[in-house]
Amino acid sequence: MLPALLFTAILAGAPGAEGWAIPMATDNAFAIGVLALLGDRVSSGQRLFLLAIAVVVAIAVITLFYSKAITVGWLLGALGGLAVIVALRRLGMTSIIAGPRSSPTQRWASPCGFATY
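Residues numbered from 1 in each chain as written. Predicted model: local features only at pLDDT ≥ 70, side-chain atom pairs only at ≥ 80, totals over all residues. Heavy atoms only, no water.

### Structural notes on the overall build of the protein
A count of helical and extended segments in the protein gives four helices and two strands. Counting all 117 residues of the protein, 12% fall into the buried class. For the protein, the share of sequence-separated contacts (at least 6 apart) that also reach a separation of at least 24 residues comes to 25%. When the accessible area of the protein is evaluated, it comes to approximately 9400 Å², of which 73% is carbon and sulfur surface. (Helix = DSSP H or I, 4+ residues; strand = E, 2+ residues; numbered from the N terminus. Buried < 20%, exposed > 50% of the residue type's maximum accessible area, 1.4 Å probe, protein only. Contact = heavy atoms within 4.5 Å. Areas by Shrake-Rupley, 256 points an atom, 1.4 Å probe, with all protein chains shown as cover.)

Dropping the structure here:
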């Protein structure tokens, strides 16, 4: 967030000041790079949390500050899709593509992961 604030402070009112999200994206990339350098010293849960925060913030910035309008239908469709994914995960579904261990009757799985009988 600090790079975006510095960018805005330096270019306040100047041409190009609306590009403040570019330094914010590089800030996310820097944080992800630091995680990669730390390797096993950072737990997978912490890595996942930081990556999720970075993605959510990037989507929120693009949606709120760089779009002309938010279409409610598309927003509701995305939330509905997310609800379906959460419901399927809670029911125990972990994969939508048949893999080598998907069923005892499966004889072979192609390299793409689709079942071939």
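### Thoughts on the packing of helix H2 (residues 21-38) against helix H3 (residues 44-66)
The relative placement of two packed helices comes down to the angle between their axes together with the axis-to-axis distance. Interaxial distance between H2 and H3 falls to 10 Å at its minimum, and their mutual angle equals 170°. Regarding the angle of H2 to H3, the classification is roughly antiparallel. Contact residues: H2 offers Ala21, Met24, Asn28, Ala31, Ile32 and Leu35, while H3 offers Arg47, Leu50, Leu51, Ala54, Val57, Val61 and Tyr66. Of the residues contributing to the contact of H2 with H3, the split by class is 11 nonpolar, one polar and one charged. (Axes fitted to C-alpha atoms, helices over the stretch in contact; angles between N-to-C directions. Parallel < 35°, antiparallel > 145°, perpendicular 65-115°, else oblique. Nonpolar A, V, L, I, M, F, W, Y, C, P; charged D, E, K, R; others polar.)

### Some details on a nonpolar patch on the surface
On the surface, a cluster of nonpolar side chains totalling about 1100 Å² of accessible area is made up of Ile62, Leu64, Phe65, Tyr66, Ile70, Val72, Leu75, Leu76, Leu79, Leu82 and Val86. Looking at the nonpolar patch, the elements that each hand over two or more residues are H3 and helix H4 (72-90). Looking at the nonpolar patch, the element that brings in the most residues is H4, giving six residues. One can find Ile70 in the loop between H3 and H4. Residue classification places Ile70 among the partly exposed positions, given a relative accessible area of 44%. (Patch = residues over 30% accessible without salt bridge, like charges linked within 9 Å, V, L, I, M, F, W, Y side chains within 5 Å. Salt bridge = Lys/Arg side-chain N within 4 Å of Asp/Glu carboxyl O.)

### Notes on the packing of helix H1 (residues 2-10) against H2
Where H1 meets H2, the axes come as close as 7 Å, and the angle between the chain directions of the two elements is 155°. The orientation of H1 relative to H2 falls into the category roughly antiparallel. Viewed along their axes, H1 and H2 form a crossing whose handedness is right-handed. Residues Leu2, Pro3, Ala4 and Phe7 of H1 touch H2, and the partners they reach there are Pro23, Met24 and Asp27. Among the residues forming the contact of H1 with H2, the class breakdown is six nonpolar, no polar and one charged. (Left-handed = near helix turned anticlockwise from the far one by under 90°.)

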